[in-house]
Amino acid sequence: MIDINAQQDTQLPLDSLIEYALKSNSFYMSYQPIVSTSNSKLIGFEALIRNRINDSRLRPDHLIPHLERTGQIIELGSWILKQCLVDYKTLESYGLKDFTMSINVSPIQIIDHDITIEISNLINELGISPKNIKLELTETALISDCNKIAKSFERLREMGIKVWLDDFGTGFASLSLLRQFKVNGIKIDKSFISNIATDNDDFTLCSAVIAMAQRLNLELIAEGVETSQQLQILNCLGCDNIQGYLIDKPLTLRDVINKWRS
Ligand code: C2E
Ligand code: MG
Ligand code: MG
Ligand code: MG
């Protein structure tokens, strides 16, 4: 970890910090395993951005919304996409087979910039099977330009790439978005999972979301699973896949190779 504020009385302004972070190549992708609920078999990974500089303002929850506002997410998003796909090939070269890679994508990358061509070129160049690539979009942000997003989703699906709704249930329009966009799967937000074993209402909401996804033939991942009790409940409810600290935290590429190569 680099601590660039350590020698200074005041913090660098955020924009200078980001500029420094970009110039010094300190961003890297971490990968969190996603496994089958019933037998813990590896399904794939979710890519989550990290930075070597020790400054909380560079954490994704703070950084990504800021870059969306300034438009810089387009440039960083292109880098993320390429890095994830290059790392996918590296993992394959170390013997991992037929796993999926879930990549978080900002709606701005779709609305202000056409990522479909970018992805298509990259997967062709690298020789990656499109069925193993999942793009995750958060539902709240999706609402801004529905037509353009729906068209891009259609093209991505034609290419064989999977489109997922992230943080399902936390936005205002979860159900209407499911009608408007043909998505392949939904991720149940961790806020519903954390109290699933202790709160009756959260349990009921989770069971209803899982039942709905099954009836609509949608794939499902529960995120933020931290206890074996939560895992057991999700398994009984029929949620196929889970992700969370119980299984593993987001890992560097090196740690993925060391820990998850079978
Ligand atoms: P998300 O896509 O919903 O990612 C899940 C978040 O939950 C990640 O936080 C992950 O580290 C965290 N997490 C995983 N397992 C557990 C658990 O068991 N318990 C708890 N409490 N948390 C868990 P992270 O990495 O801080 O990312 C936050 C958000 O920032 C992401 O939410 C995503 O919306 C965004 N983000 C992260 N990386 C990228 C990226 O490369 N591109 C874009 N556009 N957005 C990103
Ligand atoms: Mg996500
Ligand atoms: Mg999520
Ligand atoms: Mg989130």
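Residues numbered from 1 in each chain as written. Chains lettered and ligands numbered in written order. Predicted model: local features only at pLDDT ≥ 70, side-chain atom pairs only at ≥ 80, totals over all residues. Heavy atoms only, no water.

- In the annotation of an unreviewed UniProt entry, the entry for the chain reads EAL domain-containing protein, and the organism field reads Pseudoalteromonas shioyasakiensis.

1. Looking at the coordination of the magnesium ion (ligand 3)
So, point 1. For the magnesium ion (ligand 3), the full set of protein donor atoms is Asp166 (OD), Asp167 (OD), Glu223 (OE) and Glu223 (OE), and the range of their distances to it is 2.0 to 2.3 Å.
So, point 2. Mapped onto the sequence, the residues coordinating the magnesium ion (ligand 3) show the spacing D-D-x55-E.
So, point 3. Taken as a pair, the magnesium ion (ligand 3) and the magnesium ion (ligand 2) lie 4.0 Å from each other and share aspartate 166 as a ligand.
So, point 4. Given the relative accessible area of 5%, aspartate 166 is considered buried. (Donors = N, O, S within 2.8 Å, 3.2 Å for Na, K, Ca; no water. Buried < 20%, exposed > 50% of the residue type's maximum accessible area, 1.4 Å probe, protein only.)

2. A short note on helix α1 (residues 14-23)
So, point 1. Every buried residue of α1 is listed here: Leu14, Leu17, Ile18 and Ala21. Each buried residue of α1 lies within a common arc of 95° when the element is viewed along its axis, so the set occupies one face.
So, point 2. Here the buried face of α1 lies against β1 (27-36), β2 (42-51) and α2 (60-70).
So, point 3. Among the residues trailing α1, asparagine 25 stands out with phi positive, at a value near 50°. (Helix = DSSP H or I, 4+ residues; strand = E, 2+ residues; numbered from the N terminus. Arc of directions from axis to C-beta. Contact = heavy atoms within 4.5 Å.)

3. Remarks on the site of ligand 1
So, point 1. Near ligand 1 you find 23 residues, and of these Arg50, Asn104, Asp166, Glu226 and Tyr245 are the closest.
So, point 2. One of the backbone N or O atoms of isoleucine 49 is found 3.1 Å from a nitrogen atom in ligand 1.
So, point 3. Coverage of ligand 1 by the protein amounts to 86% of the 800 Å² it exposes when considered alone.
So, point 4. Elements with a minimum of two residues in the shell around ligand 1: β1, β2, α2 and β5 (162-168).
So, point 5. For the shell around ligand 1, the element with the highest residue contribution is β2, accounting for 4 residues.
So, point 6. Classifying every residue of the shell around ligand 1 gives 9 nonpolar, 5 polar and 9 charged. (Near = heavy atom within 4 Å. Polar contact = N/O pair within 3.5 Å; in protein donor to acceptor, adjacent residues only side chain to side chain. Areas by Shrake-Rupley, 256 points an atom, 1.4 Å probe, with all protein chains shown as cover. Nonpolar A, V, L, I, M, F, W, Y, C, P; charged D, E, K, R; others polar.)

4. Focus on unusual backbone geometry
So, point 1. The phi dihedral of serine 40 falls on the positive side, at around 60°, and the residue is not glycine.
So, point 2. When you line up the elements, serine 40 lands in the loop between β1 and β2.
So, point 3. Not every positive phi belongs to a glycine, and aspartate 98 is a case in point at roughly 50°.
So, point 4. Here aspartate 98 is to be found in the loop between α3 (73-93) and β3 (100-104).
So, point 5. When its relative accessible area of 55% is taken as the criterion, aspartate 98 is described as exposed.

5. Points about helix α12 (residues 253-260)
So, point 1. Residues of α12 that are buried include every one of Leu253, Val256, Ile257 and Trp260, and no others. For α12, the buried positions fall inside an angular range of 105° around the axis, keeping them on one side.
So, point 2. Buried residues along α12 sit in contact with β1, β2 and α3.

6. Focus on the pattern of salt bridges
So, point 1. Scanning the entire structure with this criterion turns up 9 salt bridges.
So, point 2. For lysine 187, the salt bridge identified is with glutamate 46, shortest N-O distance 3.0 Å. Separated by 141 residues along the polypeptide, lysine 187 in strand β6 (residues 185-188) and glutamate 46 in strand β2 bring together distant segments of the chain. Comparing lysine 187 with glutamate 46 shows no difference in burial state: the two are buried.
So, point 3. For aspartate 248, the salt bridge identified is with lysine 259, shortest N-O distance 3.1 Å. Of this pair, aspartate 248 sits in the loop between β8 (241-242) and α12 while lysine 259 sits in helix α12, and the two are 11 residues apart along the sequence. (Salt bridge = Lys/Arg side-chain N within 4 Å of Asp/Glu carboxyl O.)

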